[in-house]
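Results of the structural survey
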Amino acid sequence: MQFKIATLPGDGIGPEIIEQAVKVVNAIGEKFGHQFDYQHAVVGAAAIDATGDPFPEETYEACKNADAVLFGAIGDPKYDNDPKAKVRPEQGLLAMRKKLGLYANIRPVSTFKSLLHKSPLRTDLVDGADFVVIRELTGGIYFGQPRGRSEDQNTAFDTCVYTKEEVQRIVKLAFEYAGKRNKKLTAVDKANVLATSRLWRETVQEMAGDFADIELEYMFVDNAAMQMIQWPKRFDVIVTENMFGDILTDEASVITGSLGLLPSASVGIQTSVFEPIHGSYPQAAGKNIANPLGTVLSAALMFELGLDLQDEAKAIREAVDASLEEKVVTEDIAEGKAYSTSAVGDWLAEYILKK
Ligand code: IPM
Ligand code: MN
């Protein structure tokens, strides 16, 4: 089959890690007889530098016309300590989510046997932990109006807004996702304080009857933050609003001890976007040392969820497992010799081809 893939490397280590994912995707193409046409496009600080706009129209077009988008990372330190910056790289990411209607961010958290000892948590707590956080991505306090400053600049405000429809579509996806896994859904909110959370809980309650085979529980977000560390294995699928999901998934990423390995998928109304959950790691940019596995595993998610090619997804995951077993890894997880970003990419591509 033939597929169009938009590649958006973004900033920092983005270009290097996307390059490895492309190598791996091409190896899959060769092995399984698919052809991939890539369209490269700029986003984030790279796009501001090139066009003044962190998510330019041509990038939007490239995404819309593609079967899937592979995304690297966004962010540049030159904007971080400048609260007055008029355009920020992150606006590119938010604009992409909004314009492509990417209302669900799927972040699987699973462990790798060979890396368990890297977790800051006890091995017996994390061994076998395997859950998915489904984060609402285009609503809530990230986008609600009004937002801004009072005239005298001394008061600032953001607004958290959700409509019932927004809650229904993400909760439906989460119930369905749980149905394909271990049939347990935890709806995380702050319904003891927030009106939006009460709407969430009410909506989940209304929908629960349609998914009677799913074991449902509600949990306040502060409690969820605690339980995720105390007993991560208790979770299967978690569904939550935008900002709670942002915070909980950073927390979840350290459980496995390998932030550089976690992939994510953002799905919704138009083309889906696949990206690692880590950031642009500017200190490592251009040094060929960053871990490409989060992006490579995002490509696996692209095959699984975006293109519905399960054997292809499996072949990538097997290659990644093998690289970990053989210790062909970058310095962030290496114990002896550290391989470069590109060496890991080459090894994975070769493994797939000779398998
Ligand atoms: C993420 C990031 C973004 C977010 C930032 C970069 C805007 O932290 O994808 O989790 O907050 O959504
Ligand atoms: Mn985040």
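Since this is a predicted model, take the numbers as computed values, not measurements.

Moving on, we come to the UniProt feature "binding site: substrate" (unreviewed entry) in the protein chain. UniProt marks R97, R107, R135 and D222 with the feature "binding site: substrate" (unreviewed entry), using the numbering shown here. Across 126 residues in sequence, these annotated residues place their C-alpha atoms as far as 26.4 Å from one another, rather than forming a single compact spot. Here R97 shows up in helix α5 (residues 89-99). Given 21 C-beta atoms within 10 Å, R97 falls into the buried group. Assignment of secondary structure puts R107 in strand β4 (residues 104-110).

Ranked by internal contacts, the top residues of the largest apolar core, which has 99 residues, are V24, V69, L70, I134, F274, A299 and I316. Counting only domains with at least three residues in this core, you end up with domain 1 (1-100 + 287-355) and domain 2 (103-270).

Time to look at unusual backbone geometry. A cis amide bond links Q145 with the next residue in sequence, P146, at an omega value of 0°. For P146, the location among the structural elements is in the loop between β5 (130-136) and β6 (148-149).

Taken together, I74, E90, L93 and D246 form the complete shell of residues around ligand 1. Residues of the shell around ligand 1, tallied by class, amount to 2 nonpolar, no polar and 2 charged.

Right, let's talk about the pairing of strand β10 (residues 237-240) for a bit. Here β10 shows no split at all, with V237 and V239 on one side and I238 and T240 on the other all buried. In this structure, β5 lies alongside β10, joined through 4 bridges in parallel fashion. Bridging across to β10, V132 finds its partner in V237. Two elements, strand β8 (residues 184-189) and β10, share 4 bridges in a ladder whose sense is parallel. Along β10, the bridge assignment pairs A187 with V239.

Time to look at the domain arrangement of the protein chain. Split into domains, the protein chain comes out as domain 1 (1-100 + 287-355) and domain 2 (103-270). Just the C-alpha atoms count here: the centres of domain 1 and domain 2 sit 23 Å apart. Residue-level contacts link 17 residues of domain 1 with 19 residues of domain 2. Mapped onto the side of domain 1 that touches domain 2, the elements with two or more residues apiece are α5, α11 (293-306) and α12 (310-325). It is α11 that provides the largest number of residues to the side of domain 1 that touches domain 2, a total of 7 residues.

For the protein chain, mean pLDDT is 96; residues scoring 70 or higher make up 100% of the total. The ipTM for the predicted assembly is 0.99, set against a pTM of 0.95.

Moving on to the environment of G44. Among the structural elements, G44 can be located in the loop between β2 (35-40) and α2 (45-51). Owing to 31 C-beta atoms within 10 Å, G44 belongs among the buried residues under this scheme.

With mixed pairing, 10 strands are arranged side by side in an open sheet as β2-β1-β3-β12-β11-β4-β5-β10-β8-β9. Since the sheet does not close on itself, it has two edges, and those belong to β2 and β9 (215-220), each with one partner. Put simply, the sheet's adjacent strands are angled 25° from each other on average, direction ignored. Pairing between β4 and strand β11 (residues 263-267): 3 bridges, direction antiparallel. Within β11, the residue paired with A104 across the bridge is V267.

Let's shift gears to the environment of D332. Among the structural elements, D332 can be located in the loop between α12 and α13 (341-354). Take D332: there are 18 C-beta atoms within 10 Å of it, and that puts it in the partly exposed class. With 73 residues separating them in the primary sequence, D332 and L259 have C-alpha atoms 9.6 Å apart. Apart from residues lying up to four places away in sequence, D332 is in contact with G260 and N291.

Conventions used here
Every chain begins its residue count from 1, and numbering advances along the sequence as written. Chain letters and ligand numbers both follow the written order, the letters beginning at A and the numbers at 1. It should be noted that, the model being predicted, local features are given only for residues of pLDDT at least 70 and side-chain atom pairs only at 80 or more, the latter also being counted only at that level, while totals for whole chains, interfaces and linings use all residues. UniProt positions are given in the numbering used here, feature names are shortened, and annotations may be inferred rather than shown by experiment. Each helix is a run of H or I in the DSSP string that is no shorter than four residues. Each strand is a run of E no shorter than two, and both are numbered from the N terminus. Exposed residues have 12 or fewer other C-beta atoms within 10 Å of their own C-beta, buried residues have 20 or more, and partly exposed residues fall in between, where C-beta atoms are placed from the backbone. Think of a nonpolar core as buried Ala, Val, Leu, Ile, Met, Phe, Trp, Tyr and Cys residues, each tied to the set through C-beta atoms within 7 Å. All the domain ranges listed were derived from an automatic or database domain assignment. Residue proximity rests on one test: whether the C-beta atom, placed from the backbone, lies within 6 Å of the molecule or strand. Residues are grouped as follows: Ala, Val, Leu, Ile, Met, Phe, Trp, Tyr, Cys and Pro are nonpolar; Asp, Glu, Lys and Arg are charged; all remaining types, including Gly, are polar. One bridge is not enough; two strands pair if DSSP finds at least two bridges between them. We call two residues in contact if the C-beta atoms placed from their backbones are at most 7 Å apart. You can read pLDDT as the predictor saying how much it trusts each residue, on a scale of 0 to 100. Each axis is a line fitted through C-alpha atoms, and for a helix only the stretch in contact is used; angles between axes span 0 to 180 degrees, taken between their N-to-C directions.

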